[in-house]
Amino acid sequence: MKEKQNKKSWNGIKIFTIILAVILVSMIGFFGIYVKKQNRMENVMKEYNLAMDLKGGRVVTVKPVEKKEEVIKDKEGNIINEQLTDEQINEKGYVKENVDKTLENLTNENLEKTKKIIVKRLKEMNVSNYILKLNDKTGEITLELEEDANTDEIISNFWSLGKFEILDSQTKEVLMNNKDINKVDVMYNNGEAGTNVYMDIVLTKEGKEKLKNISSTYKTVKENEENKENKAEEETKDEQKKITMKIDGQEIMTTSFDEVIEIGRLQLSVGNSSKSNKEVNEYTKRAGRMATILENGELPFEYEISENEFVKSEIETKDIYAIILVFAAVSLVFIVVLIVKYKKLGALAGVSYIGLAGLFLIVLRYTNVIVTINGIFAIGLVLLLNYILLNELLKQRENMDLKEVWDSYKKYFLTIMPVSIMAIVCSFINWLPISSFGMTMFWGIVLIAIYNLGVTVPLLKMKNQK
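Residues numbered from 1 in each chain as written. Predicted model: local features only at pLDDT ≥ 70, side-chain atom pairs only at ≥ 80, totals over all residues. Heavy atoms only, no water.

Before going further, it helps to spend a moment on the overall build of the chain. A tally of regular secondary structure across the chain gives 14 helices and 16 strands. Relative to a compact globule of 466 residues, whose C-alpha radius of gyration would be 23 Å, the chain shows 34 Å and is clearly more extended. Burial statistics for the chain: of 466 residues in total, 41% are counted as buried. When contacts within the chain are restricted to residue pairs at least 6 apart in sequence, those whose partners lie at least 24 apart make up 73%. Just so you have it, the chain exposes about 27900 Å², and 53% of that area is on carbon and sulfur atoms. (Helix = DSSP H or I, 4+ residues; strand = E, 2+ residues; numbered from the N terminus. Rg over C-alpha atoms; globule rule 2.2 N^0.38 Å. Buried < 20%, exposed > 50% of the residue type's maximum accessible area, 1.4 Å probe, protein only. Contact = heavy atoms within 4.5 Å. Areas by Shrake-Rupley, 256 points an atom, 1.4 Å probe, with all protein chains shown as cover.)

Written out as structure tokens, the structure is:
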């Protein structure tokens, strides 16, 4: 008798402990964890990754830079390719016009190439939540993306021309360009002066051969005792022969080579050697941006920004609160029904239900789910599915036999199998509203399976034995 009483007391303590843990998790899930920072309370939990339809975003439009060229046209509008003086043009009744040559390059091939390069750049900058539109008539590109600390950096890089050139410093002859680049890596080198960040530009087979010839032709001429006293004019010219490296028309360096480079790699330092983590991180970010641009090729057009503005979400905060209140009201009705129908066991199931909701909100913060309006409705569907499972489990309230509980589990998950398959399929669809719904449902179903087996079933079983 005493042993039975001890067992009941021990079960009571365990039930109380589980309820406290569930309440704690629920409070964290619903409200967060606040700590004092600089005389203010700050939530240290990760923010939800909200999509643009909930928090708004940046809309940027870039257009091709006009490349105007003066041409001569006859009365019928045909272009005259002869070299004529102004007098000859007037005599023949011709006219001069400025023609936008950019429009001639707006071919399907160039537009497709532009889109492909920009998509690659966005991917390498870890941008997943965006909408890209390309106007095939004007060549304009509109990018909609979420607003965060990296938005300005992303905007400055996605439309950069990405033109890489190595030229003869005197003749301006282009010796190498983007076609000679295979890939670009960001590397580090630690020395006594600190950490040096540099780009390791790996060249193609043709680029490797070009670099070998260039480094041989533009090799530094070392003086010896004889030509120190009396240099020939031709020797002096050779000694001054250098190359200039440019990215997007901006000069990066002018130099010659100490030796012939046969390995097919160029190493370009970014910033200076530094022992400051902040500076090294800044140089790394800069090198990463340049590497992303160079590796994915040169855009067919040079662009300029025509629009850059923040667009508020069409869904106001009060609308989101209204949806949350509806979910809360429906959940409360579910809990009341459980209590009325199953008494004390129903009350424990209700506590468990609230705990799952709180834990689910924590899971959504720390997984790769981007929350959209569709995702919010998926949360409601997950709560409904959890209520259905609780009903199934409470039907076994007489003894909570493991076999019967497991049978109920199998029956339930076989029933919702089509929903589970749909969630997995939607997760892989490359359209945010659908993938958000699928990912939310996926994590919700996984949580329902694990949480109820680990918390709800033991809780109900201990109450039965009490």
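Pairing analysis gives three bridges linking strand β9 (residues 164-168) to strand β10 (residues 174-177), with the strands arranged antiparallel. Bridge pairing in β10 places I166 opposite M176. Counting the residues between successive antiparallel strands, the hairpin from β9 to β10 contains five residues, one of them, K172, with a positive phi of roughly 65 degrees. (Pairing = 2+ DSSP bridges.)

Pairing is antiparallel across the open sheet formed by four strands, whose spatial order is β10-β9-β13-β14. Here the strands that pair on one side only, and so sit at the sheet edges, are β10 and β14 (250-255). Taken pair by pair, the neighbouring strands of this sheet meet at an average axis angle of 20 degrees, ignoring direction. (Axes fitted to C-alpha atoms, helices over the stretch in contact; angles between N-to-C directions.)

With that settled, the discussion passes to the sheet that holds strand β12 (residues 194-203). Across the sheet, which stays open at both edges, the three strands sit in the order β11-β12-β15 with antiparallel pairing between neighbours. Each of the sheet's edge strands pairs with one partner strand only, and the pair in question is β11 (181-191) and β15 (265-274). Within the sheet, the average angular offset between the axes of one strand and its neighbour, ignoring direction, is 20 degrees. Sheet strands touched by helix α9 (residues 277-295): β11, β12 and β15. Its angle to β11, the strand with the most contacts, is close to 165 degrees.

Attention shifts here to the nonpolar core. With 32 residues, the main nonpolar core has I376, L385, Y412, F413, M441 and I448 as its most contacted residues. Among the elements of the structure, α10 (317-366), α11 (373-394), α12 (402-415) and α14 (432-465) are those that each provide at least two residues to this core. With sequence-adjacent residues up to four places away left out, M441 is seen in contact with A378, L381, V382, L385, V419 and A423. Counting residues in each nonpolar core, the second largest holds 26 residues, with I166, L175, L211 and Y218 among its members. (Core = buried A, V, L, I, M, F, W, Y, C linked by side-chain atoms within 4.5 Å.)

Applying the stated criterion across every chain yields a total of 11 salt bridges. Put simply, K133 and E144 hold a salt bridge, and the shortest N to O gap is 3.4 Å. In this pair, K133 is assigned in strand β7 (residues 130-134) and E144 in strand β8 (residues 141-146), connecting sequence segments 11 residues apart. Residue classification places K133 among the partly exposed positions, given a relative accessible area of 46%. We note a salt bridge from D185 to K183, for which the minimum N-O separation is 3.8 Å. A residue is classified by how much of its surface remains accessible, and D185, at 26% relative accessible area, is partly exposed. (Salt bridge = Lys/Arg side-chain N within 4 Å of Asp/Glu carboxyl O.)

What follows covers the side chain of T372. Checked against the element boundaries, T372 lands in the loop between α10 and α11. Side-chain polar atoms of T372 contact the backbone nitrogen of N374, separated by 3.3 Å. Residue contacts for T372: discarding those within four places in its chain leaves A51, D53, L54, L432, P433 and S436. (Polar contact = N/O pair within 3.5 Å; in protein donor to acceptor, adjacent residues only side chain to side chain.)

Taken residue by residue, helix α13 (residues 417-427) has S420, A423, C426 and S427 as its buried positions. Burial along α13 is one-sided: seen end-on, the buried residues are contained in an arc of 130 degrees. (Arc of directions from axis to C-beta.)

In this model, N126 sits at a positive phi of 60 degrees, which is unusual for a non-glycine residue. Residue placement: N126 occurs in the loop between α4 (108-124) and β7. We note that K172 has phi near 65 degrees; this positive angle belongs to a residue other than glycine. Examined against the element boundaries, K172 turns out to sit in the loop between β9 and β10.

Here G297 lies in the loop between α9 and β16 (303-311). Along the chain, G297 and K116 lie 181 residues apart, while their C-alpha atoms are 10.0 Å from each other. Not counting the four nearest positions on each side in its chain, G297 is found in contact with I117, R121, L161, G162 and N178.

Our focus in this paragraph is helix α5 (residues 151-158). Within α5, burial applies to T151, I154, I155, N157 and F158. The elements touched by buried residues of α5 are β3 (57-64), α4, β8, α9 and β16.

The geometry of α10 relative to α11 is characterised by a closest axis approach of 9 Å and an angle of 155 degrees between their N-to-C directions. When the interaxial angle is binned, α10 and α11 end up roughly antiparallel. When the axes of α10 and α11 are compared, the crossing they make is right-handed. Within the contact of α10 with α11, the residues separate by chemical class into 23 nonpolar, five polar and one charged. (Parallel < 35°, antiparallel > 145°, perpendicular 65-115°, else oblique. Left-handed = near helix turned anticlockwise from the far one by under 90°. Nonpolar A, V, L, I, M, F, W, Y, C, P; charged D, E, K, R; others polar.)

Okay, the side chain of E144 next. Side-chain polar atoms of E144 contact the side chain of K133, separated by 3.4 Å. When near neighbours in sequence (up to four residues on either side) are disregarded, E144 contacts M52, R58, V59, N129, Y130, I131 and K133.

For the chain, mean pLDDT is 84; residues scoring 70 or higher make up 91% of the total. When pLDDT is averaged over each helix and strand of the chain, the minimum, 48, is found for helix α8 (residues 233-239) and the maximum, 93, for α13. Confidence drops under a pLDDT of 50 for residues 232-238, and excluding neighbours within four residues, the segment shows three contacts in the predicted structure. (pLDDT = per-residue confidence, 0-100.)

Below, the discussion takes up the packing of α4 against α5. Following both chains from N to C, one finds α4 and α5 inclined at 150 degrees, their axes separated by 10 Å at the closest point. For the element pair α4 / α5, the angle class is roughly antiparallel. The handedness of the crossing between α4 and α5 is right-handed. Here α4 contributes I118, R121 and L122 to the contact with α5, which in turn contributes I154, N157 and F158. Its residues assigned to classes, the contact of α4 with α5 shows four nonpolar, one polar and one charged.

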